[in-house]
Amino acid sequence: MALFCRMHRIVRLQLTANLVSGLSGQPTRQINQSIALFSVAPKSILQIDQSMALLSPHKVKRSANVRHSSGKREIKRFYKNVTISQQDGQFEINLDRKRLKTPMGKILRLPTEGLALAVATEWDRQEGVLEQSSMYLTNLSNAATDKPVPQSPAERASDILEFLETDTVRFRVEEPAHLVQLQALAWDPVVKWVQDRHQVEITWTDSIVAPPVAGETREKIGRYLTSYDSWSLIGLQAIVEGLKSVILALAVVDRHLSVETAVALSRLEEEYQIAQWGNVEWAHDITALHLRASVAASVLFIHLNTEVSSTNRKSAPKS
């Protein structure tokens with residue numbers, strides 16, 4: 001066991017070194033396969049959904065009478081067919097002849113055909129007990145629909161900008177020297193890319209006091225964020241919250257970084273500590289995989305909200 005733990009730490013150290021080595025050359029531009037959807041077809045949606053399913057916990061068929069540890073009753077699949085209909089320029093998901101509703105009881109109406117296909121695929125791939133935590137796109141769509149107080153793009157952009165003050169990439173360690181070097185090699189190229197891309201100045205600190213964000217920086221990034229619609233900003237905020245970084249979120253949404261690289265950079269210090277001291281068996285890996293799936297789904301959510309719809313108009317069933 002001691003030998004296994006030692007080898008595991010060596011492998012993690014090597015992976016961290018490889019990541020930094022790759023970042024010191026050309027920036028990563030290859031988008032993750034699970035988010036490479038601009039012109040969406042059902043087959044490609046299914047392939048992407050299947051790849052994301054690999055990151056979800058294994059499904060076990062259980063009785064509907066079994067309860068979660070949280071006390072909530074599990075819901076078995078209660079429908080046979082999943083279809084899509086279009087009404088008034090929006091798309092609805094039909095479970096047999098019933099329209100899909102949000103947790104707040106609203107009919108889920110999606111702005112684009114691609115997003116509707118993706119959400120429909122999440123429901124279609126469910127078997128036995130519904131694994132609602134694995135339906136990332138459905139959950140994001142519900143969040144966009146059920147917002148208790150409607151927000152304009154400017155208001156949502158302002159909320160996202162608040163995260164810039166405590167951005168992970170802006171806080172560095174003073175020691176150990178090796179981690180200081182890793183952070184500089186891994187994070188500095190991304191910071192420089194954001195600065196050049198948006199013509200802003202971003203500072204960092206090695207103290208616990210958050211460095212100030214220049215008013216011009218806030219204004220320019222805010223202007224960029226408001227170029228997205230309200231639904232897309234829901235996805236972008238989810239990425240920021242997951243990565244704990246506006247800087248990394250901007251890079252991954254603009255496809256400067258792949259999802260895997262962005263997640264690795266957001267967990268740089270944690271992975272370094274795991275490499276040094278070991279990890280809790282399975283726990284850290286599951287957390288990382290869940291974050292990767294969540295970020296990938298959020299990027300996909302943004303791109304699917306900006307595509308042009310082409311589904312023929314159909315009549316929708318009554319709720």
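Residues numbered from 1 in each chain as written. Predicted model: local features only at pLDDT ≥ 70, side-chain atom pairs only at ≥ 80, totals over all residues. Heavy atoms only, no water.

### Comments concerning the overall build of the protein chain
The number of helices and strands found in the protein chain is twelve helices and four strands. Taking the contacts inside the protein chain whose residues are at least 6 apart along the sequence as the reference set, 68% of them involve residues at least 24 apart. For the protein chain, the computed accessible surface area is about 17000 Å², with 54% contributed by carbon and sulfur atoms. (Helix = DSSP H or I, 4+ residues; strand = E, 2+ residues; numbered from the N terminus. Contact = heavy atoms within 4.5 Å. Areas by Shrake-Rupley, 256 points an atom, 1.4 Å probe, with all protein chains shown as cover.)

### Structural notes on the environment of Ile202
As for its placement among the helices and strands, Ile202 is situated in the loop between α6 (177–198) and α7 (215–225). Through-space distance from the C-alpha of Ile202 to that of Ile247 is 9.4 Å; in sequence the pair is 45 residues apart. Every residue in contact with Ile202, bar those within four places of it in the chain, is listed here: Arg170, Val191, Val194, Gln195 and Ile247.

### Here's the deal with the environment of Ile75
One can find Ile75 in the loop between α2 (42–53) and β1 (82–87). What makes Ile75 partly exposed here is its relative accessible area of 38%. Spatially, the C-alpha atom of Ile75 lies 8.6 Å from that of Glu131, the residues being 56 residues apart in sequence. What Ile75 contacts, discounting residues up to four positions off in sequence, is Gly128, Val129 and Leu130. (Buried < 20%, exposed > 50% of the residue type's maximum accessible area, 1.4 Å probe, protein only.)

### Regarding empty space enclosed by the protein
Within this structure, the stated rule accounts for three cavities of 30 Å³ or more. Roughly 40 Å³ of internal volume is contained in the second largest cavity. Forming the boundary of the second largest cavity are Leu164, Arg170, Glu201, Ile202, Thr203, Pro212, Val213, Ala214 and Thr217. Broken down by class, the residue content of the lining of the second largest cavity amounts to five nonpolar, two polar and two charged. (1 Å grid on protein atoms, 1.4 Å probe; cavity = no way out; pocket = protein on both sides within 12 Å on 5 of 7 lines; lining within 4 Å. Points joined across faces, edges and corners; volume = space filled by probe spheres on them. Nonpolar A, V, L, I, M, F, W, Y, C, P; charged D, E, K, R; others polar.)

### Some words on the pattern of salt bridges
Under the counting rule described, the total for this entry stands at twelve salt bridges. Across the salt bridge formed by Arg109 and Glu92, the nearest N and O atoms sit 3.0 Å from each other. Of this pair, Arg109 sits in strand β4 (residues 109–110) while Glu92 is found in strand β2 (residues 90–95), placing the two residues 17 residues apart along the sequence. What makes Arg109 partly exposed here is its relative accessible area of 33%. Residue Arg172 pairs with Asp188 through a salt bridge whose shortest N-O separation is 3.0 Å. Remark: Asp188 occurs in helix α6 and Arg172 occurs in the loop between α5 (153–161) and α6; sequence separation between them is 16 residues. For Asp188, a relative accessible area of 33% gives the class partly exposed. Each of Glu92, Arg99 and Arg109 takes part in one network of salt bridges that share partners. (Salt bridge = Lys/Arg side-chain N within 4 Å of Asp/Glu carboxyl O.)

### Structural notes on the pairing of β2
In terms of residue burial, β2 counts as a mostly covered element, since five of its six residues are buried. In the sheet, β1 pairs with β2 via six bridges, with the strands oriented antiparallel. Counterpart to Thr83 in the pairing with β2 is Asn94. One ladder, built from two bridges, connects β2 with β4; its direction is antiparallel. Within β4, the residue paired with Phe91 across the bridge is Leu110. Bridge count for β2 against strand β3 (residues 98–99) is two bridges, and the pairing is antiparallel. When the bridges of β3 are listed, Asn94 appears paired with Arg99. (Pairing = 2+ DSSP bridges.)

### Brief notes about the side chain of Glu122
Take Glu122: it is sitting in helix α3 (residues 113–124). Buried Glu122, no salt bridge; nearest opposite-charge side chain is Arg125, N-O distance 6.7 Å. Within the structure, the side chain of Glu122 is placed 3.1 Å from the backbone nitrogen of Tyr136, a separation counted as a polar contact. (Lys, Arg positive; Asp, Glu negative; His and termini not counted. Polar contact = N/O pair within 3.5 Å; in protein donor to acceptor, adjacent residues only side chain to side chain.)

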